[in-house]
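Coordinate inspection notes
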Protein chains: 2
Amino acid sequence: MRYLLILSFFIFCSCSDKTKNLDANDVQSNQENSTSTETMDYALVIHGGAGTILKKNMTDELEENYLMALEYALKTGEEVLKAGGTSIEAVQKTINTMEDSPLFNAGKGAVFNHNGENEMDASIMSGRDLMAGAVGGVSTIRNPIDAAIKVMTDSDHVMLTGAGAELFAREQGLEIVDPQYFFTENRWNSLQRILKKDIGSVEELKNYKYGTVGAVALDKNGNITAGTSTGGMTNKKWNRIGDSPIIGAGTYANNNTCGVSCTGHGEFFIRYAVAHDISALVEYKNMSVQEAGAFVINDKLAKAKGDGGAIILDKYGNVAMPFNSAGMYRGYIKSDGSKEVKIYKN
Amino acid sequence: MRYLLILSFFIFCSCSDKTKNLDANDVQSNQENSTSTETMDYALVIHGGAGTILKKNMTDELEENYLMALEYALKTGEEVLKAGGTSIEAVQKTINTMEDSPLFNAGKGAVFNHNGENEMDASIMSGRDLMAGAVGGVSTIRNPIDAAIKVMTDSDHVMLTGAGAELFAREQGLEIVDPQYFFTENRWNSLQRILKKDIGSVEELKNYKYGTVGAVALDKNGNITAGTSTGGMTNKKWNRIGDSPIIGAGTYANNNTCGVSCTGHGEFFIRYAVAHDISALVEYKNMSVQEAGAFVINDKLAKAKGDGGAIILDKYGNVAMPFNSAGMYRGYIKSDGSKEVKIYKN
């Protein structure tokens, strides 16, 4: 405990130096590990969305289900990495497990838009060559992250949207499902409550509205990949696109800096170019991933009242999971055996 | 001439210091002025697209038409700024003139996609409060930049796409036109030539494929706004979205750093988060707009073979117009009476 306190103080001082307005609380969520410059064999960090996630609103059973789903996602990705698979494949398989679970706002569990439809976004970026792919506003692709990967690997483009993105996915042989596949009673009821303005508080509304899944992996070849997938915002209108499919906002990766996947109130993450800003701070200010994450999420975004968080991973396997909301479903696993799965702040 | 050489040398040395790999050629396009820290009353910089624009391929009449259109755009925006209008209004009115001209790939002159339709993108960002708006893949809004502004000022969102964005624009009372309005014989013939693979060379193809318009303004209140509007890439498929509507890629603005609008091969501008990267270099490396523009456009992007350019303006009225292609339609005007309108490299 004494070492943890000393470490906290060290991180606090080091952050304060560069980012004057952080306080100890801000840094508390960034103690995933101390900064290392020794290369890790592999590492994987995930999130399942940030929001007003409080223990008092959670049943033991639901909490257990979330923890199990996060564990399963980490285990799935780790198997790929341990076997020498690429970070792209690890991110894909990890996100697939969360897209296929009704618990997270992505794929199967995607929220409903104003018209009662599911409109999903996803993106991927490879830090090895800065290649990237994204799809926005798709309704029939079972695993949107797979479509984002195909855009990256099999098209000349970075971002495809709507019916065009679905046609491309079909041409690429991806699994196309009836939109009915994405119906879940829980999400449907959330939309109905919002439409009837039957929501207790702004905080409760936020919890209903946001949610995303994401993963960042470092493979044995030292390559970092970041990916994000989401159903967007409950009750969204006008084919709104959030930060998740925007390279630089919801997702960014560069082997020389870090990989980032974000979750939260997407409009703020676009306006602050959050994922790229974190990478830029590592590149231009020589910040650690903990410092960069704390500055952008807990200082810049918190001041702007932009709720959310991010997961960050560098080439040494250093992990940060900063968030300024009540909770964030999150976890990491590394080749040195260290591992963590968490939901709430502490 | 001697002073110009001395100035060139000074800028070159100063750039080389921070960005080791620049050469004299790279810096040549960034001599719009020396860096000043005295505030300008107002300033406006525009582009009408970058590409393989060579004098040998241009008739005198067409060249004259382009120069006149650029002059008219600058004059229109300057009138707004001189009268004390906001930089948002100046960017809007300036871009409107280019959207209404058949010469530029935006609005009226938008290129055709693979299906023979016009699919336009636009975005705006206000450096005062980091508010932003964008539309992607719209086909019936006469002036897409107006829709981007409405998204910023009259919705909770940053980015709307396709039919949803068009519905929103209609609800906001913007001018909706029959898609036929965007038909121009010249652009139609370009698509037909590409479809028939009747293009002489890769360079000629590049010239056909890209094009954008953009403006960055500084108003008398010291507020910077950046905006971009485009028809995208000729023959694009699958509802492809380029960098123009992506905040952080094609457009970024922050009063404390600079405003940026980009043009070129959009996929590269997304992957390199070009507009935000330029802003980040000003913020974190204390670079001038000339240095930041030269580093990102003439070094990073040029090495990656990402063709294009950017216009950049800071709160002191310092202007940079870097590009790594053969030419870029561009110009600026300032309250001190200085002005420039150019097409080719020298």
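Shown above is the structure to which this text applies.
An account of the accompanying structure is given in this report. In this text, all values refer to a predicted model and were calculated from it rather than measured experimentally. (Residues numbered from 1 in each chain as written. Chains lettered and ligands numbered in written order. Predicted model: local features only at pLDDT ≥ 70, side-chain atom pairs only at ≥ 80, totals over all residues. Heavy atoms only, no water.)

1. Observations regarding the nonpolar core
Among the nonpolar cores identified, the biggest contains 104 residues, and Val274(A), Ile278(A), Val274(B) and Ile278(B) are the most heavily contacted of them. In contact with Val274(B), not counting residues within four places along its chain, are Gly248(B), Ala249(B), Cys262(B), Phe268(B), Phe269(B), Val296(B), Ile297(B) and Leu301(B). (Core = buried A, V, L, I, M, F, W, Y, C linked by side-chain atoms within 4.5 Å. Buried < 20%, exposed > 50% of the residue type's maximum accessible area, 1.4 Å probe, protein only. Contact = heavy atoms within 4.5 Å.)

2. Notes on the environment of Gly231(B)
All names here are of chain B. With respect to the helices and strands, Gly-231 occurs in the loop between strand S6 (224-230) and strand S7 (240-241). For Gly-231, a relative accessible area of 1% puts it in the buried group. For the pair Gly-231 and Thr-35, spaced 196 residues apart in sequence, the C-alpha separation works out to 34 Å. Filtering out sequence-adjacent residues up to four positions away, Gly-231 remains in contact with Asn-105, Ala-106, Ala-110, Val-111, Glu-119, Met-120 and Lys-236. (Helix = DSSP H or I, 4+ residues; strand = E, 2+ residues; numbered from the N terminus.)

3. Thoughts on the pattern of salt bridges
On inspection of all chains with the given rule, the structure shows 22 salt bridges over all chains. A salt bridge links Glu63(B) to Lys55(B), with the shortest nitrogen-to-oxygen separation between them at 2.9 Å. In the salt-bridge network here, residues are joined through shared partners; they are Asp100(A), Arg142(A) and Glu175(A). (Salt bridge = Lys/Arg side-chain N within 4 Å of Asp/Glu carboxyl O.)

4. A look at the relation of the copies chain B and chain A
The two copies are related by a screw motion: chain B maps onto chain A through a turn of 180° and a shift of 0.0 Å along the axis, at an RMSD of 0.0 Å. Taken together, the rotation and translation describe the operation of a two-fold axis. When you check the interface residues of chain B against chain A, 100% turn up at the interface there too, and the contact is symmetric in its surfaces. (Least-squares fit on C-alpha atoms with pLDDT ≥ 70 in both.)

5. Some thoughts on the packing of aromatic side chains
A full pass over the atoms with the stated rule returns 16 aromatic pairs over all chains. Between Phe104(A) and Tyr329(A) the ring centres are 6.3 Å apart and the planes differ by 80°, which places this aromatic pair in the edge-to-face class. In this pair, Phe104(A) is assigned in the loop between helix H4 (87-99) and strand S2 (120-126) and Tyr329(A) in strand S12 (residues 327-334), connecting sequence segments 225 residues apart. Both residues of the pair, Phe104(A) and Tyr329(A), count as buried. Each member of the aromatic cluster is reached from another via a ring pair, and the members are Tyr66(A), Phe104(A) and Tyr329(A). Between the NZ or CZ atom of Lys108(A) and the centre of the ring of Tyr181(A), over which it lies, the distance is 4.9 Å. Directly above the ring of Tyr332(B) sits Lys334(B), whose terminal nitrogen or CZ lies 5.4 Å from the centroid. (Phe/Tyr/Trp six-rings, centres within 6.5 Å; stacked < 30°, edge-to-face > 60°. Lys NZ or Arg CZ within 6 Å of the ring centre and 35° of its normal.)

6. Description of the side chain of Asn105(B)
Relative to the assigned elements, Asn105(B) resides in the loop between helix H4 (87-99) and strand S2 (120-126). A distance of 3.0 Å separates the side chain of Asn105(B) from the backbone nitrogen of Val111(B), its partner in a polar contact. (Polar contact = N/O pair within 3.5 Å; in protein donor to acceptor, adjacent residues only side chain to side chain.)

7. Things to note about the sheet that holds strand S8 (residues 251-253) of chain A
Hydrogen bonds between backbone atoms are what pair the strands of a sheet, whose relative direction is either parallel or antiparallel. All names here are of chain A. Read across the sheet, four strands follow the order S8-S9-S10-S11 without closing on themselves; strand pairing throughout is antiparallel. On the outer flanks of this sheet lie S8 and strand S11 (319-320), each paired with one strand and no other. With six bridges connecting them, strand S9 (residues 259-264) and strand S10 (residues 308-313) associate as antiparallel partners. Bridging across to S10, Ser-261 finds its partner in Ile-311. Docked against the sheet, helix H11 (residues 289-303) engages S10 and S11, running at close to 165° with respect to S10. (Pairing = 2+ DSSP bridges. Axes fitted to C-alpha atoms, helices over the stretch in contact; angles between N-to-C directions.)

8. So, the state of the cysteines
By definition, a disulfide links two cysteine residues through a covalent bond between their sulfur atoms. Residues and elements named next belong to chain A. Enumeration according to the criterion identifies zero disulfides over all chains in this entry. Take Cys-262: it sits in no disulfide, and the sulfur closest to it among the cysteines is that of Cys-258, at 10 Å. For Cys-262, a relative accessible area of 0% gives the class buried. (Disulfide = S-S within 2.5 Å.)

9. Some words on the pairing of strand S6 (residues 224-230) of chain A
All names here are of chain A. Counting buried positions along S6 yields seven of seven residues, so the element is predominantly enclosed. Across the two faces of S6 the burial is the same, with Ile-224, Ala-226, Thr-228 and Thr-230 and Thr-225, Gly-227 and Ser-229 all buried. Relative to S6, S2 is paired through six bridges, and the arrangement is antiparallel. Within S6, the position partnered with Ser-126 by the bridge is Thr-225. As defined by bridge partners, strand S5 (residues 213-218) adjoins S6 across six bridges and the pair is classed as antiparallel.

10. Looking at helix H10 (residues 274-284) of chain B
Residue and element names in this part refer to chain B. For H10, the buried fraction is high: ten of the eleven residues fall into the buried class. By the burial criterion, the buried members of H10 are Val-274, Ala-275, His-276, Asp-277, Ile-278, Ser-279, Ala-280, Leu-281, Val-282 and Tyr-284. Following H10 by one or two positions, Asn-286 adopts a phi angle in the positive range, close to 60°.

11. What to know about the sheet that holds strand S1 (residues 43-51) of chain B
Strand order across the open sheet formed by nine strands is S7(A)-S4(B)-S3(B)-S2(B)-S6(B)-S5(B)-S1(B)-S12(B)-S13(B), with mixed pairing between neighbours. A strand with exactly one partner marks an edge of an open sheet, and here the two such strands are strand S7 (240-241) of chain A together with strand S13 (339-344) of chain B.

12. Points about the interface of chain B and chain A
Contact residues are listed per partner, giving 41 residues for chain B and 41 residues for chain A. Taken together, both faces of the contact between chain B and chain A bury some 3500 Å²; the carbon and sulfur share is 61%. A per-residue breakdown of the area chain B buries against chain A is headed by Trp238(B), Arg271(B) and Tyr284(B), which together make up 26% of the total. Along the contact surface separating chain B from chain A lie two salt bridges. A salt bridge links Glu283(B) to Lys300(A); the shortest N-O distance between them is 3.6 Å. Viewed at the interface, chain A and chain B are joined by 21 residue pairs in polar contact (both at pLDDT 80 or more). Listed by contribution, the elements that provide at least two residues to the side of chain B that touches chain A are strand S3 (131-138), strand S4 (159-161), helix H6 (162-171), S7, helix H9 (266-271) and H10 of chain B. Per-element tally for the side of chain B that touches chain A: the top contributor is H6(B), with seven residues. Here the side of chain B that touches chain A is built from residues that sort into 23 nonpolar, seven polar and eleven charged. (Buried area = accessible area lost by both parts, 1.4 Å probe. Nonpolar A, V, L, I, M, F, W, Y, C, P; charged D, E, K, R; others polar.)

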